[in-house]
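Reading the structure
Letter by letter, the chains look like this.
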Amino acid sequence: MSTSKLELRSRLRTVTDHTVTVLAVLATILVIVPLAVIFAELIYKGASSLDLNFFTKVPAPEGETGGGMANAIVGSGVLLALASIIGIPIGIGSGIFLAEFGRGTKLANAIRFTADVLNGVPSIVMGVTAYALIVVPHVSFLPFLGHFSALSGGVALGIMMIPTVCRTTEEMLLMVPNAVREAALGLGVPNWRSVLSITVRTASPGIITGCMLAFARVAGETAPLLFTALGNQFWSTSLNEPIAALPLQIYVYANSPYEDQQRMAWAGALVLIVLIVLAVSLVRFVTSRGVLKGAS
Amino acid sequence: MGVGIEVTNLNAWYGTNHTLQDINLNIPANHATALIGPSGCGKSTFVRCLNRMHETNPIARVTGNVRMGDLDIYQDASPVEVRRRVGMVFQRPNPFPTMSIYDNVSAGLKLNGYNNRHSLDEIVEKSLKNSALWDEVKDDLKKKSGASLSGGQQQRLCIARALAVDPEVLLMDEPASALDPVSTSKIEDLIFQLKSQYTIVIVTHNMQQAARVAEKTGFFLNGRMVEFDSTHKIFTNPSDKRTEDYITGRFG
C-alpha cells in the first residue's frame, strides 16, 4: 500500500516538473515574441528605404525626396560618446564608493537614495532640467554653454546614465566574496589598491554589462535631446552647435505628412537598433578576449 | 627566515563580545605551532590579530602587544606593513578568480609596485615549487585562471601567493578543512618542509593534523588559552583537565 502511495507521489512530482518546465518555456516565448515582432515590423517597413544615400546624405530640404540620415547617425555617435565620458566614470566611481569605501555610512545611504530617485525621473523632466540649467543663457553657470548644443545633449544623457551605472557597479561589487578582499589585504596590499585592482577587476564583467545597459537605454532617448541637442538638418560635429541625433530625426520624420519621410523614420529606427546591438556586441567581444580558461 | 612571536596580554572584541581574553604566549621561530579548540573559541580571531586582519571589521577592537622579532606590530607599523611580513592562508581557497595562475602568485608583488619582469618569473617559479604546485601548472601559468584548478591545487596556489611576498610568518586558518584527504596530506607535507624557513601558525580542527605537523600546540577554550606546550605533552599528558577532555573527545 505504501509503495503505491510513493508511486503516486513520484508521478505527481513528474507532472509538476513537466508543467513548470512548459510554463517557463511559454514565459520565455512571451518575452521573445514582442521583440521579434518589433524587429520584423522595422525590417518590413524600413529596409526598403535603406540605401547608400541613407548612410551618406543629410536630410533632403523640405518638399524634396531622397536624402539620408548620415548626420543623425554621426550625431548620435557624438552624443553617446559624450554621455559615456560623463556618465560611466561618475557612475562607476560612485558605485565603488557605495560598495567599498562608504559602506553603511549616512553619506552612502543618501547617495544611494538619490541615485534611485534619479533613476525614476522621467526623461522629459531630465531634458527640461538640463535645459534650465545649461541651455538657458541667464541661468547658465558654465561659460561655454548657454545655447542648444551637442555638449548640453551629452550632459543630459550622461546624467541619465549615472544612476544605472552606479547601482549596477555597487551590486556587482557586493557580489565579490569577502574572501577575495581579505586575500588581497592579507598580502599587504593597501585597501585602495585592493579595491581598484582586485575587487573592481573581479566584478568587471558585471560592471561592463551595467554600462552597456545604461548606454543602450539613453541611445534611444528623444525627450531630453529636444531641449538640449535640438537636432540639426545639416552636417555638424561641433560640440558647441545643435547636433542631429537618430531618435530626434525619427521623431521629426514620423510626424511628417510625407510617406517618403515616414518610411525614412522606420529605416532610422531599424538602424538605431542595429547600431546599439553592434556597439554592445563589440564591447562584449573586446572585453571577453582577455578572459582566461576557467575564470568565473 | 622566520621570526618568533611574543604575545602579551592580547584582548580582542567583536562589538561587545569579548572574544579573546588575556592571551600570553611565545611562538618559536622556524617551527610550526598548532592552535586547537572547539568552534568559536577564538583561534581564528587570534591568528587574525597576528596580521592585524581582525581590525578590518569595523566593530572589532584589540588591545595588548604582539612582537614579531624586533617589531611591535601594533605600535611600530601600519597594518599594510605588518601584512607584508605575515602571510595568510585562509580556510577556503580564495584565488583571485579573474587572474591567471601567474598573476595570482605575483599579485602581492605587482600590487605593491614591484615590476621587474625577469625576477618576477623567478619568484613565481620558486614560490610554486615551494608550494609543490609547479609541476602541475607550469604549462598553463598564463593560460588558466586560478579558479580553474581543483580545490587542493587552489589552496597550494594560495600558499604560493603568500610565499611570493617572502613573509617571515605564515598564518594558516584551517588550511585543509575544505580539502579531501589526498590534498590534505600534500598540504601537511608542505607545512613540514616550509617550517625550516618560516614561522608557521596553523589553526586546525583536526587533532591528528596538529600532532603530525606541529612542535608546539595551544588549546583555546571560550576566548582563553587554556594550555600551551609541546605537542607531544599536550596529546599524551596535558596538565589541564579541560585539555584532556577535549583531546579525548569528551566535548567539542
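Since the model is a prediction, treat every value here as computed from it, not as a measurement.

Basis of the calculations
- Residues numbered from 1 in each chain as written.
- Chains lettered and ligands numbered in written order.
- Predicted model: local features only at pLDDT ≥ 70, side-chain atom pairs only at ≥ 80, totals over all residues.
- Helix = DSSP H or I, 4+ residues; strand = E, 2+ residues; numbered from the N terminus.
- Domains from an automatic or database assignment.
- Contact = placed C-beta atoms within 7 Å.
- Nonpolar A, V, L, I, M, F, W, Y, C, P; charged D, E, K, R; others polar.
- Axes fitted to C-alpha atoms, helices over the stretch in contact; angles between N-to-C directions.
- Parallel < 35°, antiparallel > 145°, perpendicular 65-115°, else oblique.
- Left-handed = near helix turned anticlockwise from the far one by under 90°.
- Pairing = 2+ DSSP bridges.
- pLDDT = per-residue confidence, 0-100.
- Core = buried A, V, L, I, M, F, W, Y, C linked by C-beta atoms within 7 Å.
- Buried ≥ 20, exposed ≤ 12 C-beta atoms within 10 Å, placed from the backbone.

With that out of the way, let us pick up unusual backbone geometry. Residues and elements named next belong to chain B. Backbone geometry places D22, a non-glycine residue, at a positive phi of 45°. Inspection of the secondary structure puts D22 in strand β2 (residues 17–27). One non-glycine residue, A132, adopts positive backbone phi at about 60°. Among the structural elements, A132 can be located in the loop between α4 (117–130) and α5 (134–137).

Residues and elements named next belong to chain A. Looking at chain A, the domain boundaries give domain 1 (12–49) and domain 2 (55–288). A separation of 29 Å is found between the C-alpha centroids of domain 1 and domain 2. With seven residues of domain 1 at the interface, the matching set in domain 2 holds seven residues. Classifying every residue of the side of domain 1 that touches domain 2 by side-chain character gives three nonpolar, three polar and one charged.

All names here are of chain B. In contact at an axis separation of 8 Å, α4 and helix α6 (residues 151–164) are set at 130° when each is read in the N-to-C sense. If you check the angle between α4 and α6, you find them oblique. Judged by the twist between their axes, the crossing of α4 over α6 is right-handed. Where α4 approaches α6, its residues I123, V124, S127, L128 and N130 are matched on the opposing element by A160, L163 and A164. For the contact of α4 with α6, the residue count by class is six nonpolar, two polar and no charged.

Turning our attention to the sheet that holds strand β4 (residues 60–68) of chain B. All names here are of chain B. Sheet architecture is open: four strands sit in the order β2-β1-β4-β5, paired in antiparallel fashion. Taken across any chain shown, the strands that pair with only one partner, and hence form the sheet edges, are β2 and β5 (71–72). Packed on one face of the sheet, helix α1 (residues 43–50) meets β1 (5–14), β2 and β4 and runs near 65° to β2.

This paragraph deals with the interface of chain B and chain A. Listed as interface residues are 25 residues of chain B and, on the opposing side, 20 residues of chain A. Counting residues per element, the side of chain B that touches chain A draws most heavily on helix α2 (residues 79–85) of chain B, which supplies three residues. Classifying every residue of the side of chain B that touches chain A by side-chain character gives ten nonpolar, nine polar and six charged.

Residues and elements named next belong to chain B. Looking at where E6 falls in the secondary structure, it is placed in strand β1. A C-alpha to C-alpha distance of 5.7 Å links E6 and V66, two positions 60 residues apart in sequence. Sequence-distant contacts of E6, defined by excluding residues within four places in its chain, comprise N26 and R67.

Time to look at the confidence of the model for chain B. In this model, chain B carries an average pLDDT of 91, and 99% of its residues clear a pLDDT of 70 or more. What the predictor reports for the complex is a pTM of 0.86 with an ipTM of 0.88.

Next up on the list: the nonpolar core. Where a protein is soluble and globular, its nonpolar side chains tend to be buried together. Counting residues in each nonpolar core, the largest one holds 142 residues, and the members touching the most others are A:L79, A:M161 and B:I202. Ranked by residues supplied to this core, first place goes to helix α6 (residues 150–175) of chain A with 13 residues.

Here we come to the pairing of β1(B). All names here are of chain B. Pairing analysis gives seven bridges linking β1 to β2, with the strands arranged antiparallel. For I5, the partnering residue across the bridge sits in β2 and is I27. Across eight bridges, β1 lies against β4 in antiparallel orientation. Among the inter-strand pairings, E6 is bridged to a residue of β4, identified as R67.

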